Amino acid sequence: MEWVLATGNPGKRREMESLLAPLGVRLRLPAEFGAAFAPDETGATFAANARLKAEAALALTGLPALADDSGLEVAALNGAPGVFSARYGGAGLSAAARNERLLAALAGQTDRAARFVCALICLFPDRRALTAEGVCEGEIALAPRGAGGFGYDPLFYLPKYKKTMAELSDGEKNEISHRGLAVRALLRQWAAAP
Ligand code: ITT
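Residues numbered from 1 in each chain as written. Predicted model: local features only at pLDDT ≥ 70, side-chain atom pairs only at ≥ 80, totals over all residues. Heavy atoms only, no water.

1. Considering the layout of surface pockets
The following threshold applies: Any residue with an atom within 4 Å of a point lines the site, the site being either a cavity, points on a 1 Å grid over the protein atoms alone where a 1.4 Å probe fits but cannot get out, or a pocket, an open set with protein on both sides within 12 Å along at least 5 of 7 lines. Grid points are joined across faces, edges and corners, and a volume is the space filled by probe spheres set on the points. Runs of H or I in DSSP of at least four residues are treated as helices and runs of E of at least two as strands, each being numbered from the N terminus. Each residue is assigned to one class: nonpolar for Ala, Val, Leu, Ile, Met, Phe, Trp, Tyr, Cys and Pro, charged for Asp, Glu, Lys and Arg, and polar for all the others, Gly among them.
There is about 700 Å³ of room inside the largest pocket. In this structure, the largest pocket is lined by 31 residues; those nearest its centre are Asn 9, Lys 12, Ser 70, Ala 86 and Phe 150. When contributions to the lining of the largest pocket are tallied by element, the ones reaching two or more residues are strand E3 (65-74), helix H3 (95-105) and helix H5 (178-192). In terms of residue class, the lining of the largest pocket is made up of twelve nonpolar, ten polar and nine charged.

Okay, structure coming up:
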């Protein structure tokens, strides 16, 4: 069995490949099908954007398509950057530069509450779909720390662990992350499906 993982983000890919290992399916990537994979993410929600990516990957490959749309919601910024997390501060910025923008936006702010959200969908060629969501609560640190993970992980502080997400190993991150929670919920549905 083969599925296509509808992402161009290497950090997500690494985490998803490890989380999906119990499925026993061969995961292909859109890039292997000879097309640049950058569908327009015009949805207003994570779930809508995940579906857009899954639809594009299914159309490209004919394979069951698994898509993750995720991002960071910061309470003091009214939920921003949200669905714009990958583009926060403008296109073409490095993750480190995006993190600097976020710190500047929160300068002097004492409410540091934030959460990562992940919406997942697996869309099958017969149009059946499994969907799941995962949320991980945390805080925005005052400065970046750690070299693991990707994106906003160096700023995402987990009080319970006294570490940022980027200070966790891949395995530890997958145990508690929004993506880990969403993938395990999806796998439970897959196991229960007729
Ligand atoms: P694909 O659409 O190709 O999968 P992308 O990076 O554009 O890759 P999204 O549109 O879902 O993916 O944007 C998610 C952004 O949210 C991502 O680029 C990071 O900046 C951030 N993000 C999501 N999950 C994260 C995580 O586990 N750790 C750190 N940042 C994360």
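2. Brief notes about the environment of Gly 138
By the element assignment, Gly 138 lies in strand E5 (residues 129-140). The spatial distance from the C-alpha of Gly 138 to the C-alpha of Met 165 is 9.3 Å, given a sequence separation of 27 residues.

3. Section: the site of the ligand
To keep it simple, the criterion reads: Throughout, the term near means that a residue has one or more heavy atoms lying within 4 Å of the molecule or strand in question. Side-chain atoms alone can form a polar contact between residues adjacent in sequence; in general such a contact is a pair of N or O atoms within 3.5 Å, and within protein one must be able to donate a hydrogen while the other accepts it. For the accessible areas, the method is Shrake-Rupley and the probe is 1.4 Å, while residue cover comes only from the protein chains on display. For a molecule to be placed in a cavity or pocket, more than half of its atoms must lie within 2 Å of the grid points of that cavity or pocket.
The ligand sits among 20 residues. The nearest are Thr 7, Lys 12, Lys 53, Asp 153 and Lys 173. Thr 7 has a polar side-chain atom sitting 2.6 Å from an oxygen atom of the ligand. A distance of 2.7 Å separates a nitrogen atom of the ligand from a polar atom in the side chain of Asp 153. With the chains in place, 89% of the 610 Å² that the ligand exposes on its own is no longer accessible. Structurally, the ligand is housed in the largest pocket. At the level of elements, E3 and H5 are the ones that each hand at least two residues to the shell around the ligand. The element that contributes the greatest number of residues to the shell around the ligand is E3, accounting for four residues.

Treat this as a map of the structure, not an account of what it does.
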